[in-house]
Amino acid sequence: MLDFVPDPSPSLDMAALLINAYEIGDMINQSAEVAEYAYWKTAVDQSQEVKALIRKFEKAKELFDECQRFGRFHPNFHEAKDKVKAIEKELAAIECVTRYKIAEQAVDELLHDIAKQIAGSVSETIKVPGNESSGGGCGGGGSCGCSTGGGCG
């Protein structure tokens, strides 16, 4: 009687896979979307107006967080909340911040589309999570990185 030994599946060539991944990364980094993102990120990082508003936002957010510990029954809760929202609105009105957010979304969509393409090449049933529910941007308390930054020039 002969023992059946299945032919082992071809092994994954990790070196080739990594080389291809780096090539994809280089192509992404050379894309118009990333160039636009980098330009507006630098503009936000260099904006003195944005820096000042971020400092103001961080102070207002601190006060709101303190009020939030006690909930909406804190005597200054609504005032603190309104102040945070007003500063967020001021930030959103600055051109470099607006363009930065748009460019950030474009890069996010590019990366998501690439992830869907890769996942789809493996199987149509693989799910690729998106970043739609995540916070970020200048309204997220400086998580966009503009807390370090400065000029829309």
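Thresholds, definitions, all that
Residues numbered from 1 in each chain as written. Predicted model: local features only at pLDDT ≥ 70, side-chain atom pairs only at ≥ 80, totals over all residues. Heavy atoms only, no water. Helix = DSSP H or I, 4+ residues; strand = E, 2+ residues; numbered from the N terminus. Contact = heavy atoms within 4.5 Å. Phe/Tyr/Trp six-rings, centres within 6.5 Å; stacked < 30°, edge-to-face > 60°. Buried < 20%, exposed > 50% of the residue type's maximum accessible area, 1.4 Å probe, protein only. Core = buried A, V, L, I, M, F, W, Y, C linked by side-chain atoms within 4.5 Å.

An unreviewed UniProt entry annotates the protein as YlbF family regulator originating from Paenibacillus sepulcri.

Undergrad: I'd like a description of the side chain of H112, backed by residues and values.
TA: Relative to the elements of secondary structure, H112 occurs in helix α5 (residues 95-122). Beyond its immediate chain neighbours, meaning those up to four positions away, H112 contacts V128, P129 and G130.

Undergrad: Describe the packing of aromatic side chains, and please don't skip the residues or the numbers.
TA: In this structure the tally under the stated criterion is three aromatic pairs. Ring centres 4.8 Å apart and planes at 90° place the aromatic pair Y39 and W40 in the edge-to-face group. A relative accessible area of 48% means that Y39 is categorised as partly exposed. According to the relative accessible area criterion, W40 is buried, its value standing at 9%.

Undergrad: Describe in detail the nonpolar core, supporting the description with residues and values.
TA: If you look at the biggest cluster of nonpolar residues, it comprises 19 residues, and the most contacted ones within it are V44, V50, L91, I94, C96 and V97. Breaking this core down by element, the ones donating at least two residues are α2 (32-45), α3 (48-68), α4 (77-92) and α5.

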